[in-house]
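Per-entry structural report
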Amino acid sequence: MELQENPNKATDSKVNLGDRVSNNNQIIFNIIIAVFIVISLLFTIWGIRTAEHYFRFNITSLIIGSIFLAAIYLCISLGLNMTYDLIGFANFAHAEYFIVGAYVGVLWSYSYDSEEVQMFHIFIVLILAFVAAGLVAVLGDVIVFGPLRRKGASNESLMISSIGLGIIVRNVVSVYFGGGSEYFRTPGVKASKWPSILIGGPDGKGFLFVDSDATYSVDYKQILAIVLTVIFVGTLFYFLEKTKTGTALRATSNNIDLAESSGIDTEKMIKLTWFIGGGLAGVAGLIFVFRNPVIPFQGFLFLLPAFAVVVLGGVGSLKGSVVAALIIATSQTVSKSYLQGLTDLFDNTGHFRGFISGYDIIVPFVILIGMILIKPTGLYGEEE
Amino acid sequence: MSGKTISNEENSSNDDSSIWKEFNKIRNLNFENVFLGAIIVSGLITIFALITGNTLAIGLEFSVIIFLLLQSGQGYDEKYINSKKFIGVLINFVGMIIIFFAVGYNALASEVMIYVSFYTLAGLSLNLSTGMVGVLNFGVIAQIAVGAVTYAVLTVNYDVPFPIATFAAMFVSAIFSGLIALTTLRLRDDYFAIVSITLGEIFRQILKTEVTLRGPLIVYTNQLGEEVADFPTTPGIFNIPIPFADQYQKLMPDHLYENYDERFLIGIMGFLLVGLSYYFITKLIYSPYGRLLRSIREDELVASTYGKDIFRYKVEVMTISGAMAGLTGAYTAWLFPGIFPTNFLPTVTFFIWTVFIIGGRGSNKGILVGAIAFTLLERMSLFFNNQDWVVIKSLNDFIHSINPDHAPENIAMGYIQLIIIGLILILFIRFAPSGLIPEEPYRPAIRGLKLPKAGSQSEDLKSGMESSGG
């Protein structure tokens, strides 16, 4: 603003140069993402056209599965990203808030005997899971991290305490439920038909339908989960961008001292961040448990992919997390079916069944390490 | 001038601290009594256990160990009290083992020996990388797993004798750690932590799916009628040979072998390994090289202004710690009946970190004491596994009242014990970050000249300024 009022050619050109460099970086990343999307599209088309006989490869289930997985990763990693940016340490206990949400869903699902009613009341358990996981996160901050923060402890100490907190939460859940797997109980009443009509079902008729021989499943719960995630994440972005509290929260995470001197109650903002972050992780747990059995250790298995999303998108950039979640989930899903196909192709005897398809879990890890080595600030992260 | 300063200091310290010296004497005398008393009580308890075989002795001995550990070392003569505490805990631990055998818990005694050895070996490795140069190494289990799998594959599938396989395990793990360090050590601390824990998970996944890391080979006849050796279909390596097991079985009479079986042999070998590596790592830590490492940990900038290549030293130390972890890996291959991917979960890394934190970072004595405390804590839940206890019973009733259909029948004590471990980790970080036996400040004597005691630099400066000013 001041530059325009008082034009100075030398500084102006410098500013322009700097802008151009950062624009170039931005363009490069956009190109990378575009190339990635194009490659995955080509790959999927090739998959449909040529290899569907060999590969267990179906475009509908692939896309829906990817977005479903991305929704889970996104919900976990948004909170992780927010607290990482705000307080500055990698919170290993974050995955346990996921577990809290999942088990709240399991407990709630016991009390229904009609699936239609259950799905109609789904918003009750959403709020329950959000509040429960958020409260656990806030409690963790009040009891464990808060005193350490005020003491000025190092990030290392905070990290190790978060490991302790994670162990405690996970095992409290284990005491309550035992170590075995639990299911989100859906009473065996027939499900509503509309998603099958839209997407295509085993009967081979549907709007987006591709191949009638393929064996796959698109559950309406997946669609529900995706819709819910979009609603939640959209609300979060609206809250952060448009409301006064959200602006204060962003200011706090940008520069805590400056925010405090501007009269923002930073301690309250930190608590709010924990509540939102933990709550979103709880929602992720709920979404996960819609379709999958859950064990207390499951949260930890989602922790490292969540870190991968945070690092790939860039610490502090929530929009980066959205893109990164899509990238990581898509690459994991695509590589799973691809590796499965390879296994089927090369292993006629069945002796090595699954010898290579297990590697799909590694994909987020490899992306994580590669990103840290090549560009630690992530796709959309700020340069240090 | 410097000589003058030092002599002045000696004089001044003699003048100033005469009262403190008196206090110190009384304090040391007191602690001497406490220490002797603890050992005598422990001896009495052991004799009581040997005569009567009463399990009460375990609880008594446990409380003696906790009492010794709770003795505060934060007085004037910290080093003296800590070394006495260390010796006291070691003696009591041996007493504990004897009591276990005396009251008939033979299997438990062997397990405690084995796990103390395991956690000490792993903790020493972590102490090199994290305690000495301050690298946030969360990939201990990856280093150990690489060593263990190397050892197991070599001995089971290729019949390599165990000393060569052990050295191969150390070598491979060292190379692995060195490579990790070379590529990722320039990163931020917390990024290195994430990368190392991720590498552990990647290796675990590879172990799950990679066929060539399985054993032993299965011989089957294919369609052509030829006999072909092939890798098994399920992950895991079984039938890992334990060194000296056959000779030991021949050597021991049968009635003794019943009580002191193979597991006991592994425990004894673990103690030997712990002794050896403890000796060498202590040598390393108190050498000029170790001082250099600690200087890097304290302030990288200062070390680099003295012309030291910090990155090189960090990579070197990670390599040495990798060799140590490889040795731990070979030991791991003996102590489990078979190697599975589930042996190398990241939780084991967290346990090793707990040992490291509660023992005292940077202090080898602390690691040993921490491993003893942690293992006893972990195994003690076997004795508290009593569902009729008021606390446990009321907790169980409470859970069943909320969750009548799906709650587990009985509360598994393993979970309660893990909760306690998590609590202890948090409490130690908050209230005693330097651990049970903190690292001793150490200054060597230079050419016979005794330097002032470490940890009082500000006082040195003050007295030096006063002398120069006067």
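See the structure shown above.
Residues numbered from 1 in each chain as written. Chains lettered and ligands numbered in written order. Predicted model: local features only at pLDDT ≥ 70, side-chain atom pairs only at ≥ 80, totals over all residues. Heavy atoms only, no water.

1. As for the interface of chain B and chain A
Each partner contributes to the interface: chain B provides 49 residues, whereas chain A provides 55 residues. With both chains or domains summed, chain B and chain A bury close to 4700 Å², and 75% of this area falls on carbon and sulfur atoms. The interface formed by chain B and chain A includes one salt bridge. Between A:Glu156 and B:Arg361 there is a salt bridge whose closest N-O contact spans 3.0 Å. For the pair chain B and chain A, the interface holds six residue pairs in polar contact (both at pLDDT 80 or more). Put simply, the parts of the chain that give the side of chain B that touches chain A at least two residues each are α7 (162-184), α8 (189-209), α15 (346-359), α17 (390-402) and α18 (413-431) of chain B. In terms of residues, the side of chain B that touches chain A owes the most to one element, α8(B), which gives 14 residues. The residue makeup of the side of chain B that touches chain A, split by class, is 31 nonpolar, ten polar and eight charged. (Contact = heavy atoms within 4.5 Å. Buried area = accessible area lost by both parts, 1.4 Å probe. Salt bridge = Lys/Arg side-chain N within 4 Å of Asp/Glu carboxyl O. Polar contact = N/O pair within 3.5 Å; in protein donor to acceptor, adjacent residues only side chain to side chain. Helix = DSSP H or I, 4+ residues; strand = E, 2+ residues; numbered from the N terminus. Nonpolar A, V, L, I, M, F, W, Y, C, P; charged D, E, K, R; others polar.)

2. Here's the deal with the side chain of B:Arg214
Residue and element names in this part refer to chain B. Along the chain, arginine 214 turns up in the loop between α8 and β1 (218-221). No salt bridge is formed by the buried arginine 214. Its closest oppositely charged neighbour is glutamate 210, at 8.1 Å. Those residues in contact with arginine 214 that sit more than four places away from it in its chain are Asn157, Lys208, Thr209, Phe231, Pro232, Thr233, Thr234, Pro235, Gly236 and Ile237. (Buried < 20%, exposed > 50% of the residue type's maximum accessible area, 1.4 Å probe, protein only. Lys, Arg positive; Asp, Glu negative; His and termini not counted.)

3. Considerations on the packing of aromatic side chains
What the rule picks out here adds up to 34 aromatic pairs over all chains. For the ring pair A:Phe300 and B:Phe350, a centre distance of 5.8 Å and an interplane angle of 75 degrees mean the geometry is edge-to-face. Note that A:Phe300 is positioned in helix α13 (residues 298-313) and B:Phe350 in helix α15, a pairing that runs across two chains. The burial state of A:Phe300 is the same as that of B:Phe350; both residues are buried. Measuring from centroid to centroid gives 5.5 Å for B:Phe101 and B:Phe264, while their planes differ by 80 degrees, and the two rings are edge-to-face. Of this pair, B:Phe101 sits in helix α4 (residues 78-102) while B:Phe264 sits in helix α11 (residues 262-285), and the two are 163 residues apart along the sequence. Through a chain of ring-to-ring contacts, three or more aromatic side chains come together here, namely A:Phe92, A:Phe297, A:Phe300, A:Phe307, B:Phe138, B:Phe350, B:Trp353 and B:Phe356. It is B:Arg312 that lies over the ring of B:Tyr313; its NZ or CZ is 4.9 Å from the centre. (Phe/Tyr/Trp six-rings, centres within 6.5 Å; stacked < 30°, edge-to-face > 60°. Lys NZ or Arg CZ within 6 Å of the ring centre and 35° of its normal.)

So yeah, pure geometry; function would need other evidence.
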